[in-house]
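One-letter residues, chain by chain:
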Amino acid sequence: MHEVWLRLVGSDNPTFENRAHFFAAAAEAMRHLLIDNARRKLARRRGGGLQRVDFENVDIAMPADEDHLLAVNDALDRLSERSPVEAQIVKLRFFVGMTAAESAEVLGLSERTVKQYWSHAKTWLYQEIQRKKV
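### Some details on the confidence of the model for the protein
So, point 1. Across the protein, the average pLDDT comes to 78, with 74% of residues at or above 70.
So, point 2. Per-element confidence in the protein ranges from a low mean pLDDT of 62 for helix α1 (residues 2–9) to a high of 94 for helix α5 (residues 100–107).

### Here's the deal with helix α3 (residues 66–82)
So, point 1. For α3, spanning 17 residues, the distance from its first C-alpha to its last is 25 Å, which sits close to the expected 24 Å at 1.5 Å a residue.
So, point 2. All of the buried residues in α3 are Glu66, Leu69, Leu70, Val72, Asn73, Ala75, Leu76 and Leu79.

### Section: the pattern of salt bridges
So, point 1. Following the criterion strictly, the structure yields seven salt bridges and no others.
So, point 2. Taking the shortest distance from any N to any O, the salt bridge between Glu28 and Arg31 comes out at 3.2 Å. Within this pair, Glu28 and its partner Arg31 are both found in helix α2 (residues 19–45), separated by three residues, close to a single helical turn.
So, point 3. Residue Lys91 pairs with Glu28 through a salt bridge whose shortest N-O separation is 2.7 Å.

### Comments concerning the environment of Leu92
So, point 1. Looking at the element boundaries, Leu92 is found in helix α4 (residues 84–96).
So, point 2. Given a relative accessible area of 0%, Leu92 falls into the buried group.
So, point 3. For the pair Leu92 and Ala25, spaced 67 residues apart in the sequence, the C-alpha separation amounts to 9.9 Å.
So, point 4. Not counting chain neighbours up to four residues away, the residues in contact with Leu92 comprise Phe23, Ala27, Gly97, Met98, Ser103, Val106 and Leu107.

What counts and what doesn't
Residues numbered from 1 in each chain as written. Predicted model: local features only at pLDDT ≥ 70, side-chain atom pairs only at ≥ 80, totals over all residues. Heavy atoms only, no water. pLDDT = per-residue confidence, 0-100. Helix = DSSP H or I, 4+ residues; strand = E, 2+ residues; numbered from the N terminus. Expected span 1.5 Å × (residues − 1). Buried < 20%, exposed > 50% of the residue type's maximum accessible area, 1.4 Å probe, protein only. Salt bridge = Lys/Arg side-chain N within 4 Å of Asp/Glu carboxyl O. Contact = heavy atoms within 4.5 Å.

Right under this line is the structure:
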């Protein structure tokens, strides 16, 4: 979260038009942070200057699925072109962790509308990701 805050405010003292603008910027900053991190991990996984480690003495946590995160990011870019509101809902829910009610409040929509958009966006993103895998 510290990195996200630094990306949000940087060295400037930004002003946000309203709460929705702040959360939109926060969601975008979180998205970019996660995507940059996933790309870094994938680069290392493919031999980006790592040293060999003896795994006999190391506990290995379950690796995060960077490929999945990058696929979601790419599909989200395409969704943004088709439906910017749905893409914004995905960013708030997926990258910030907001509930439907919180997203509705921030975007000035009804909770029911957010749930409908969320449902459609999830389906569209899933189909888009599956289509790109083939």
